[in-house]
Amino acid sequence: MQQLPKSLIEKLEQRTQNDALRQLPEQSTLIDFASNDYLGLSKNNTIFDAAHQYLINQGNQTNGATGSRLISGNHNLYQEVENYIATFHDSKGALIFNSGYDANVGFFSAVPQKGDIVLYDEFIHASIRDGLRMSNAKPYKFPHNDLGALKKLIERHKSNATEVYIVTESVFSMDGDSPDLIALTKLATSYNCNLVVDEAHALGIFGKEGEGLVQHLGLQNEIFARIVTFGKGLGCHGAAILGSPQLKEYLVNFARSFIYTTGLPPHALATIYFAYRQVQTDKENRKKLNDTITFFLSETKRLKLTTFIESDSTIHCAILSGNEKVKNIALQLQNKGYNVKAILSPTVPKGQERLRFCLHSYNTPLEISGVLNTLKKAISL
Ligand SMILES: Cc1ncc(COP(=O)(O)O)c(C=O)c1O
């Protein structure tokens with residue numbers, strides 16, 4: 001087999017020296033504080049059985065999509081599921097992508113044009129950054145959740161821009177916090193900007209039926225586009241962009257990550273559909289998740305763990321600084337049976353290395369007290 005080029009080997013060695021080499025872990029049997037399966041739906045047999053039965057009743061005989069949606073892969077379930085998703089999210093249109101990564105890359109590489117500007121939160125997800133790299137629009141970042149700085153950027157650049165896009169996440173994946181979405185929407189509207197909100201970590205968690213933070217706050221009609229992903233709270237896979245029917249038509253024509261890829265197989269679509277129905281109807285599970293979050297917060301307060309970033313979402317991060325230190329404390333927690341992940345630089349900025357706790361409806365008070373007490377001890381050593 002041919003050797004990896006020397007320059008690439010050196011890059012890997014540099015990662016090792018920086019204590020930042022990424023390695024694939026084995027599947028964990030520890031108590032789950034790491035997965036995005038916030039509602040435990042990845043293991044929900046009702047969804048699995050309903051999807052399976054639905055396909056049998058439909059006489060479906062295909063395992064694979066057989067092609068791109070524009071060629072042969074546009075299974076008739078797509079229309080049904082997209083209509084359901086659009087209605088659920090009070091949107092005029094929904095377009096399913098194979099993943100949230102694909103949705104963001106597709107949107108940001110295709111929608112903002114030369115002459116447009118994109119103002120994005122500095123902590124925005126890598127998939128949005130990657131999409132922007134393929135765009136001819138000019139991107140500018142603003143400090144995390146800093147609406148004052150954003151306003152100044154709008155005022156500085158607006159007159160030279162054809163369109164202005166503002167991008168944020170309703171729950172930030174690496175911090176768990178949220179922007180002031182009401183104020184942000186007002187700001188975007190008052191300057192006639194197009195607001196785009198990634199709801200990856202809000203779907204299933206916020207809103208009366210788990211619709212996300214945007215609908216929880218009643219802002220859906222003022223937002224240009226929303227990205228919802230199914231691999232987190234819904235426990236399955238895929239994503240959708242919510243917006244106007246023209247936006248949908250535009251993306252079908254110009255989003256390359258939509259066009260040049262095989263569509264999702266029918267079983268994936270049926271699973272998305274029944275996962276949505278489960279989220280919509282199972283209010284008890286959402287309440288359990290909220291109780292878990294409330295208990296986690298009360299325990300961090302009781303134990304005076306002040307190193308956490310303020311958050312009322314499922315993601316709670318303890319900033320510990322330094323790859324070696326974070327890795328070491330994560331290992332101590334893992335040795336005690338808790339699967340907590342260290343988030344290292346360069347995934348987060350240097351000095352902002354952290355332990356990331358993901359909370360689930362199935363985490364018990366005993367597990368939460370246990371992991372936080374272990375953390376407290378590890379920090380004070
Ligand atoms: C905010 C955000 N957007 C998009 C994505 C990508 O979604 P997916 O995992 O479906 O590709 C993620 C997942 O890591 C995310 O955290």
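Residues numbered from 1 in each chain as written. Predicted model: local features only at pLDDT ≥ 70, side-chain atom pairs only at ≥ 80, totals over all residues.

Things to note about helix H11 (residues 266-281)
- With 16 residues, H11 should cover 22 Å at 1.5 Å per step; its first-to-last C-alpha distance of 23 Å lies within 8% of that length.
- Here H11 lies mainly inside the structure; 12 of its 16 residues are buried.
- The set of residues buried in H11 consists of Pro-266, Ala-268, Leu-269, Ala-270, Thr-271, Ile-272, Tyr-273, Phe-274, Ala-275, Tyr-276, Gln-278 and Val-279.
- Looking at the packing, one finds that the buried side of H11 touches helix H2 (45-57) and helix H3 (76-88). (Helix = DSSP H or I, 4+ residues; strand = E, 2+ residues; numbered from the N terminus. Expected span 1.5 Å × (residues − 1). Buried ≥ 20, exposed ≤ 12 C-beta atoms within 10 Å, placed from the backbone. Contact = placed C-beta atoms within 7 Å.)

Let's talk about the site of the ligand
- In the vicinity of the ligand lie 13 residues, with Ser-99, Gly-100, Tyr-101, Ser-173 and Ala-200 positioned nearest.
- The greatest single-element share of the shell around the ligand, amounting to three residues, is contributed by helix H4 (residues 100-110). (Near = placed C-beta within 6 Å.)

Overview of the domain arrangement of the protein
- Its domain assignment divides the protein into domain 1 (26-41 + 283-380) and domain 2 (62-281).
- Contact with domain 1, which involves 17 residues of that partner, is made by 19 residues of domain 2.
- Contributing elements (two or more residues each) for the side of domain 1 that touches domain 2: helix H12 (283-302) and strand E9 (315-319).
- When residues in the side of domain 1 that touches domain 2 are grouped by element, the largest group, three residues, is from E9.
- Within the side of domain 1 that touches domain 2, the residues separate by chemical class into nine nonpolar, five polar and three charged. (Domains from an automatic or database assignment. Nonpolar A, V, L, I, M, F, W, Y, C, P; charged D, E, K, R; others polar.)

Some words on the sheet that holds strand E2 (residues 93-97)
- Spatial ordering of the open sheet is given by E2-E8-E7-E6-E5-E3-E4, a layout of seven strands whose pairing is mixed. Of all the strands in the sheet, the pair left with one neighbour each is E2 and strand E4 (138-142). Adjacent strand axes in the sheet meet at a mean angle of 20°, parallel and antiparallel pairs treated alike.
- Bridge count for strand E3 (residues 117-121) against strand E5 (residues 164-169) is four bridges, and the pairing is parallel. The partner of Tyr-120 across the bridge, within E5, is Val-167.
- Strand contacts of helix H9 (residues 245-254): E2, strand E7 (225-229) and strand E8 (239-243), with the helix running at about 25° to E2, the strand carrying the most contacts. (Pairing = 2+ DSSP bridges. Axes fitted to C-alpha atoms, helices over the stretch in contact; angles between N-to-C directions.)

Some thoughts on unusual backbone geometry
- Residue Pro-346 is bonded to the preceding Ser-345 through a cis peptide linkage, with omega at 15°.
- With respect to the helices and strands, the residue Pro-346 is situated in the loop between strand E11 (341-343) and strand E12 (354-358).
- Not every positive phi belongs to a glycine, and Asp-90 is a case in point at roughly 50°.
- The topology assignment puts Asp-90 in the loop between H3 and E2.
- For Asp-90, a count of 13 C-beta atoms within 10 Å corresponds to the partly exposed category.
- Of note, the phi angle at Asn-192 is positive, near 60°, even though the residue is not glycine.
- Secondary-structure assignment places Asn-192 in the loop between helix H7 (181-190) and strand E6 (194-198).
- Owing to 10 C-beta atoms within 10 Å, Asn-192 belongs among the exposed residues under this scheme.

With respect to the nonpolar core
- Ile-166, Ala-240, Ile-241, Ile-272, Ala-275 and Leu-355 are the most contacted members of the largest nonpolar core, which totals 103 residues.
- For this core, the leading source of residues is H11, giving nine residues.
- Residues lining this core come from more than one domain, with at least three contributed by each of domain 1 (26-41 + 283-380) and domain 2 (62-281).
- Ignoring sequence-local partners within four residues, the contact set of Leu-355 consists of Cys-317, Ala-318, Leu-320, Val-326, Ile-329, Ala-330, Val-340 and Ala-342. (Core = buried A, V, L, I, M, F, W, Y, C linked by C-beta atoms within 7 Å.)

Concerning the packing of helix H6 (residues 147-157) against H7
- Interaxial distance between H6 and H7 falls to 11 Å at its minimum, and their mutual angle equals 10°. Put simply, H6 runs roughly parallel to H7. For the pair H6 and H7, contact is made by Leu-147, Leu-150 and Lys-151 and by Ala-183, Leu-184 and Leu-187, respectively.
- Of the residues assigned to the contact of H6 with H7, the class counts are five nonpolar, no polar and one charged. (Parallel < 35°, antiparallel > 145°, perpendicular 65-115°, else oblique.)

Some thoughts on the pairing of E6
- Of all five residues that make up E6, four are buried, and the element is covered over most of its length.
- Pairing between E5 and E6: five bridges, direction parallel. Bridging from a neighbouring strand, Tyr-165 pairs with Asn-194 of E6.
- Each parallel crossover has a hand, and the one from E5 via H7 to E6 is right-handed.
- Pairing analysis gives three bridges linking E6 to E7, with the strands arranged parallel. Residue pairing for E7: Val-197 is matched across the bridge by Arg-226. (Right-handed = clockwise from strand over helix to strand, strands pointing away.)

Description of the environment of Leu-41
- Relative to the assigned elements, Leu-41 resides in the loop between strand E1 (31-32) and H2.
- Taking the C-alpha atoms as reference points, Leu-41 and Gln-79, 38 residues apart in sequence, are found 23 Å from one another.
- For Leu-41, the residues in contact, after removing those within four places along its chain, are Ile-47, Leu-234, Gly-235, Ala-275 and Gln-278.

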